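Inside the fold
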2 protein chains.
Amino acid sequence: MIDVKAILAKYSKELDRSIDLYLPAEKPDNLMDATVQYPRAGGKRMRPAMVLAAAGAVGGNKDKAIPLAVAIEYIHNFTLIHDDYMDGDEKRRGMTTIHVKYGGPTAILAGDALFARAFEVIAQLDTPDNVMRNVLKVVTRAVWDLARGQQMDVNNENGEEVSMDEYIETIRLKTSVLFAAGAAGGALIGGANEKIVNAVHEYAMLLGVAFQMFDDVLGLVGDPVKLGKSVGNDVRKGKSTVMVTHALKNIKDKGTMKEFRSVLGKINATEDEIQKARKIMEDAGSVEFAIKMATDYTKRAIAKLDILEKSEDKEFMIALAEFAMARDV
Amino acid sequence: MIDVKAILAKYSKELDRSIDLYLPAEKPDNLMDATVQYPRAGGKRMRPAMVLAAAGAVGGNKDKAIPLAVAIEYIHNFTLIHDDYMDGDEKRRGMTTIHVKYGGPTAILAGDALFARAFEVIAQLDTPDNVMRNVLKVVTRAVWDLARGQQMDVNNENGEEVSMDEYIETIRLKTSVLFAAGAAGGALIGGANEKIVNAVHEYAMLLGVAFQMFDDVLGLVGDPVKLGKSVGNDVRKGKSTVMVTHALKNIKDKGTMKEFRSVLGKINATEDEIQKARKIMEDAGSVEFAIKMATDYTKRAIAKLDILEKSEDKEFMIALAEFAMARDV
């Protein structure tokens, strides 16, 4: 059995140096401090690890993919900075968020700067020019889609009820596309042919959906201490997660439905009200449904890797998909 | 004598179609509406015109440079959207700004989306892969510098007094680099050698400084009706423009200095107070000094073009530099 966390930690160590290397200190100081804070703060590093694993799993040289792994991590961090500002979140991984510490304008600019730096790093990839161009195409498309997905999320959080299909499309755009661009980019750098690049891309798209769906589950039934944030915020925001959409369809009792709807979207709902809503969703089978659905996505993701020959990196990619569904944080 | 405005209008017409072409309608609607508003609204289109002129002036095919012209315009517009939000400006070219019309989160995302699309367009440039890579390098570096320059501007507007050299460095980063990336990119697509690319890059860097310096002058002594905004806002923000820095050094009378300082940075200064501050700066020779300095930059910019053979496009580039200094809007 592969120890995903141990491998992620090993990758993190390798990546930390490169993440610093590509963010040299320039002026002005406050922008630079704001720009490096999230990339240096760590996190699971699933996205960059996937870039390296994909390069290796197709038989390529993983070292050549390190700059892309860094770029994908910068892009992920740029979206977190802008997201935290949009959502008004004050803490991330125990740190004060950028807009609180440095002000809104600096949060916008630090995100923009990381975004720009990501593409500077891609421009310098040590690969043939045509490979670099293909990587650039898949990553730029992903960032365009990310913005679309985040806007759909904003619209959704504004209380607009959406169907399950629409919610999954939102997840695909706001989460999966960056996983997928990283994996496909890694495969491209590793020298894979189009068929393999596409399979790896699809694997990561499916994994991204499973990952986000399980994230939603953790955000309701997870351990607030381990998560480092309070649970039930999606309910407070009235967000149409898979669980909420399922519950709205499957709660049979009118009184229960009324009670559920009274908490949904109630931004200042108490811990007690959240626990009641959670119980209602559990009784309606909605949590179980979401876990089942995420498990299906994971299985479909892993099946896409059948095209690859056996290797340590392939095993890690399989384990990573399982990890998306078997984590407590 | 070349009619710069007429040529810019001609280029605009050609560009408008392409600007639309590369922004296809996708979901969600509110993000798309916010994304296309500024690019479609026109403006002087100096930056994209410079891309095309540079491609032509080095003997290349201008049509091949159209996508880059579009990308540079998207980047310019993305920075305007984020800037307007950061500054809290409510109007631009008579339109309601994005954050007022669609909310702050959509303004952030619309900027991000335009930024991403700019690089998607660059990824699809119809040029050899190595040329595309060189264009990408110069443009990504410019966007990184833009963020630095805007942060320096934010710091400056927060009342931090800066030296004239520091202010010019700010202008170089927040204005010149995008002009220069466009011009150098156009020259690269046009097939120019490194020496010519560098000369064109330097031309545009110098022109950018002259352009922004004269913009500051117009912002103080220009016609509010033609400008479409009130004058004196730099004074209200206490911004260290060349004029302000010169005045602070050259006002001899203590009472006058006290009066000047009392208006500088007074965010709610009346029209009357602004006119007094303006008169003080004029009497100290500060406006004249800034115009002289901008003129010098223009001359130095034009001299960089000596390396190019005579052509209509070269003449337009010369006229464009003169226009940066001889406009009322």
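Now for a quick tour of the structure. (Residues numbered from 1 in each chain as written. Chains lettered and ligands numbered in written order. Predicted model: local features only at pLDDT ≥ 70, side-chain atom pairs only at ≥ 80, totals over all residues. Heavy atoms only, no water.)

With an RMSD of 0.0 Å, chain A superimposes on chain B once it is rotated by 180° and translated 0.0 Å along the axis. What we have between these two chains is a two-fold relation. The rotation axis passes nearest to the C-alpha of D129 of chain A in chain A, at a distance of 2.7 Å. An overlap of 100% is found between the interface residues of chain A and their copies at the interface of chain B, pointing to a shared contact surface. (Least-squares fit on C-alpha atoms with pLDDT ≥ 70 in both. Contact = heavy atoms within 4.5 Å.)

Moving on to the nonpolar core. By size, the foremost hydrophobic cluster in this structure holds 265 residues, and its most contacted members are V139 of chain A together with V139 of chain B. Those residues in contact with V139 of chain A that sit more than four places away from it in its chain are L68, I72, I75, F119, I122 and A181 of chain A. (Core = buried A, V, L, I, M, F, W, Y, C linked by side-chain atoms within 4.5 Å. Buried < 20%, exposed > 50% of the residue type's maximum accessible area, 1.4 Å probe, protein only.)

Moving on, we come to the packing of helix α1 (residues 4-21) of chain B against helix α16 (residues 312-323) of chain B. Residues and elements named next belong to chain B. Here α1 crosses α16 at 115°, and the two axes come no closer than 10 Å. As the angle between them shows, α1 and α16 are arranged roughly perpendicular. Between α1 and α16 lies a crossing of left-handed hand. Residue-level contacts link V4, K5, I7, L8 and Y11 of α1 to D313, F316, A319, L320 and F323 of α16. Partitioned by chemical class, the residues of the contact of α1 with α16 number eight nonpolar, no polar and two charged. (Axes fitted to C-alpha atoms, helices over the stretch in contact; angles between N-to-C directions. Helix = DSSP H or I, 4+ residues; strand = E, 2+ residues; numbered from the N terminus. Parallel < 35°, antiparallel > 145°, perpendicular 65-115°, else oblique. Left-handed = near helix turned anticlockwise from the far one by under 90°. Nonpolar A, V, L, I, M, F, W, Y, C, P; charged D, E, K, R; others polar.)

With that settled, consider the interface of chain A and chain B. Contacts between the two partners involve 46 residues from chain A, matched on the other side by 46 residues from chain B. Summing the contributions of chain A and of chain B, the shared interface buries around 4200 Å²; its carbon and sulfur component is 65%. Connecting chain A to chain B are six salt bridges. Between R133 of chain A and D129 of chain B there is a salt bridge, and its shortest N-O distance comes to 2.6 Å. Sort the elements by how many residues they give to the side of chain A that touches chain B and helix α7 (residues 129-157) of chain A lands first, with 18 residues. Its residues assigned to classes, the side of chain A that touches chain B shows 24 nonpolar, eleven polar and eleven charged. (Buried area = accessible area lost by both parts, 1.4 Å probe. Salt bridge = Lys/Arg side-chain N within 4 Å of Asp/Glu carboxyl O.)

Scope: geometric values only; no functional claims are made or implied.
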